[in-house]
Amino acid sequence: MKTVAMNLSGAVETPVMPSSPYLIDADGHPYVPIGTAGIVLGVHLGDGVFDHDADHAAPGVTLEHRDQAARHALTAYACLGNEAVVHGGAAAGRRGRVLGKRGEQGRVIVVFPDDVLEQLLPGDPILVRTHGQGAVISPTVTLMNTDPSFIDRLPLSVDGDRVRVAVRAAVPSSLAGNGIGRPAHMWDIDLQITSGPFRLGDLVAVDDLDVRHNAGYRRGWRTVGVIVHGGSPQPGHGPGLMPMLCGPAEALSLEIQGDQHRGVTTGDIESQP
Amino acid sequence: MSTVRTNRDRLVTQILAGEVWPALADRHGYRVDADGTPFLLPGMGGVTLGAHAGDPATGYAADHLEPGLSVRAAGEGANMALQFLACAGNKVTVRSGPATGAVGRVLGQHAYVLVDMAEEDLERVAPGDRVSVAAYGQGLKLLDHPEIVAKNLDPDLLDELPISTGADGRLHVRVAARVPAAAVGAGAGMVSEFANTDLMGAYAGQGEDLSLGLETLRLGDLVVLEDQDHRYGRGYRPGYLTVGVISTGHCRLFGHGPGPTSILSGPASAFSVEESS
């Protein structure tokens, strides 16, 4: 069936905090969360997920919408690789691409070139050409959160009902934290790790995780996604994996590349079709 | 009978008001289970009859089964205070309606305070009826076990639980089940004074590939969650244990399931855990 694109609008998120700024880390110590939302400078695809003393920092900007239902819709329909255009303000007309999304109220993460980030302000309107939910890659492996026109930039191959994908690493489902039990079309899964070689834009596999109808444990299944934000001091949180592919392990095979892995890069995001 | 020394004589009680909250739905009705099958089932909110502490947690045609009364407070701040400060075992009194004066106890939290009381009392309670909760327990310390953080636990309930200070100085806990970290579903990453930790692979009637061997849990059971640190939130941490009281039951929504309210958490070396046979 033919997939459908929709132009949706979001706004560059305005970071908000309660009257006490502290969150509590896994050891019970207070910290001030930095870089959780809005326009974050100095964080790029390819950076290590623990390179910055920040909380859930993503490379680029996060989008919100003043209406919560519209915000959920924007989050649900935005997909990796979707084109985003600044629709007003000092950077009007400049282009970026969706990297991923985060859960709870819903946030879309958009990567823009550095000179665009420097001109953006919270509240600037962004048009997102949402496209990808409903796209099919194979009869046995489910595709989600991914623009079909972006697939040829990803290290994966399709052979009939089998998909083979190159990843940095595979991790067990016990590391799946915040995001488990939530709809994976609208919510990333935080990996509960505090160290490791993972980089923003990496593809990573989670074994025994089925994300087709909410994210949950299913032995023998596998989910592959892209790392869309960095680590967090909060227990149960960590680098965020936005699910892209899910299927029985025998139909979704891995090439585990370790240090040789190249996931989604700035070049992939900035190149035009 | 617990022999654990605590700071209970230093704790204060706050009387908090709440009301029995209606069950909530939206006009689309359905949710979907692990296999993508739509369902529409009762269990959350309102007054749920026929499931009490000691009864099986699962085996009901229900979703997010909340035993007894599901209580919230009107107003965001007042509700969070109620959810954070209510502890398992706290005394709850019905304050309006035909069941005025009936008394129950907090079984746990689940974004509602869940109150178990006698079936004949539950039968007379309606959503909207007001209740008071004698909130007592946050701030509890186990004086001989400084590495263990206690929470959501009324000291009077602690006295009734199979928890004691062992001869080796560790906290001895007898549990109904050991729960592997892979079973931890929704709740991961949330603060541990709020709601509970849904356990996956915990009810019969699903595919073998979904089972984690937890199908026999009962409401009120003590369980130990392996590699879970719930001292200051809920997260995976090798070498840590969390003890919880099963406070919710059957759940069809994928990634969810019967859940323990966290009451004790610390390094595994601080506990000795015995499984009931």
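Residues numbered from 1 in each chain as written. Chains lettered and ligands numbered in written order. Predicted model: local features only at pLDDT ≥ 70, side-chain atom pairs only at ≥ 80, totals over all residues.

**Description of the overall build of chain A**
Quick note on the threshold: The numbering of helices and of strands both runs from the N terminus, where a helix is a DSSP run of H or I of at least 4 residues and a strand a run of E of at least 2. What the globule rule says is 2.2 Å times the number of residues to the power 0.38, and the radius of gyration is computed from C-alpha atoms. Buried means a residue has 20 or more other C-beta atoms within 10 Å of its own C-beta, exposed means 12 or fewer, and partly exposed covers the counts in between; C-beta atoms are placed from the backbone. A pair of residues counts as a contact when their C-beta atoms, built from backbone coordinates, are within 7 Å of each other.
For chain A, the count of helices and strands is three helices and 19 strands. What you see for chain A is a C-alpha radius of gyration of 17 Å, in line with the 19 Å of a compact globule of 273 residues. Its C-alpha atoms put chain A at 50 × 45 × 35 Å along the principal axes. Within the span of chain A, comprising 273 residues, buried residues form 55% of the whole. Long-range contacts, defined as pairs at least 24 residues apart, comprise 71% of the intrachain contacts of chain A with a sequence gap of at least 6.

**With respect to helix α1 (residues 76-85) of chain B**
Among the residues of α1 of chain B, L82, Q83 and L85 of chain B are the ones counted as buried. The inward-facing, buried residues of α1 of chain B abut β1 (14-20), β5 (68-72), β7 (103-109), β8 (113-116) and β9 (130-135) of chain B.

**Some points on the sheet that holds strand β14 (residues 222-229) of chain B**
Residues and elements named next belong to chain B. Note the threshold: Note on pairing: DSSP must find at least two bridges between two strands before they are called paired.
Read across the open sheet, the five strands follow the order β10-β16-β15-β14-β13; overall the sheet is mixed. In this open sheet, the two strands that pair with only one neighbour each are β10 (149-150) and β13 (177-179). When β13 meets β14, the two strands line up parallel, connected through three bridges. If you follow A177 over to β14, its bridge partner there is V223.

**Thoughts on the interface of chain A and chain B**
How we decide: Classes in brief: Ala, Val, Leu, Ile, Met, Phe, Trp, Tyr, Cys and Pro nonpolar; Asp, Glu, Lys and Arg charged; the others, Gly included, polar.
In this complex, chain A contributes 27 residues to the contact, which on the side of chain B involves 30 residues. Its residues placed into classes, the side of chain A that touches chain B shows seven nonpolar, 14 polar and six charged.

**Re the environment of L210 of chain B**
One can find L210 of chain B in the loop between β13 and β14. As a C-alpha pair, L210 of chain B and F254 of chain B span 44 residues in sequence and 9.9 Å in three-dimensional space. Filtering out sequence-adjacent residues up to four positions away, L210 of chain B remains in contact with Y217 and R218 of chain A together with A34 and G201 of chain B.

**A word on the sheet that holds strand β19 (residues 252-256) of chain A**
The strands making up a sheet associate through hydrogen bonds between their backbones, and the pairing can be parallel or antiparallel. All names here are of chain A. Using the following cut-off: Note on geometry: axes are lines fitted to C-alpha atoms, helical ones only across the stretch in contact, with angles between N-to-C directions running from 0 to 180 degrees.
Read from one edge to the other, the open sheet built from three strands follows the order β11-β12-β19, with strand pairing classed as mixed. Because the sheet does not close on itself, it has two edges, and the strands there are β11 (156-159) and β19. On average, adjacent strands in this sheet sit at an angle of 20 degrees to one another, irrespective of strand direction. Examined bridge by bridge, strand β12 (residues 162-167) and β19 share five bridges and lie parallel to one another.

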